[in-house]
Amino acid sequence: MCRETEDRELLKDPSMLKRLNDIAKFPEQDKACILYVLDAMINNVKLKAI
């Protein structure tokens, strides 16, 4: 599956879309903190897969 198709499928997932919409409404500082932690967790999972 190509990256563009994966991105479209992600946005069709109601629970993921709700999370993204919730985060988008937060103050910038809160968004930055959440995304920082989320990125760290994603990188951790990717490193485990190697």
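What counts, and at which threshold
- Residues numbered from 1 in each chain as written.
- Predicted model: local features only at pLDDT ≥ 70, side-chain atom pairs only at ≥ 80, totals over all residues.
- Heavy atoms only, no water.
- Helix = DSSP H or I, 4+ residues; strand = E, 2+ residues; numbered from the N terminus.
- Buried < 20%, exposed > 50% of the residue type's maximum accessible area, 1.4 Å probe, protein only.
- Areas by Shrake-Rupley, 256 points an atom, 1.4 Å probe, with all protein chains shown as cover.
- Salt bridge = Lys/Arg side-chain N within 4 Å of Asp/Glu carboxyl O.

A. Seen up close, the overall build of the protein chain. Assigned secondary structure in the protein chain consists of 3 helices and 0 strands. Starting at the N terminus and walking to the C terminus, you meet the elements of the protein chain as α-α-α. Summarising its shape, the C-alpha atoms of the protein chain cover approximately 35 × 25 × 15 Å along the three principal directions. Sorting the 50 residues of the protein chain into buried and exposed places 4% on the buried side. When the accessible area of the protein chain is evaluated, it comes to approximately 4700 Å², of which 63% is carbon and sulfur surface.

B. Quick look at the pattern of salt bridges. Under the definition given, this model contains 2 salt bridges. When the shortest N-O distance is used, the salt bridge between Lys18 and Asp22 registers 2.9 Å. In this pair, Lys18 and Asp22 both sit in helix 2 (residues 14-25), 4 residues apart, roughly one turn of the helix. On the accessibility criterion, Lys18 (52% relative accessible area) is exposed. Given the relative accessible area of 28%, Asp22 is considered partly exposed. A salt bridge links Glu28 to Lys31; the nearest nitrogen and oxygen atoms lie 2.8 Å apart. Of this pair, Glu28 and Lys31 both sit in helix 3 (residues 28-48), 3 residues apart, which is roughly one turn of that helix. On the accessibility criterion, Glu28 (58% relative accessible area) is exposed. Residue Lys31 is classed as buried on the basis of its relative accessible area of 18%.

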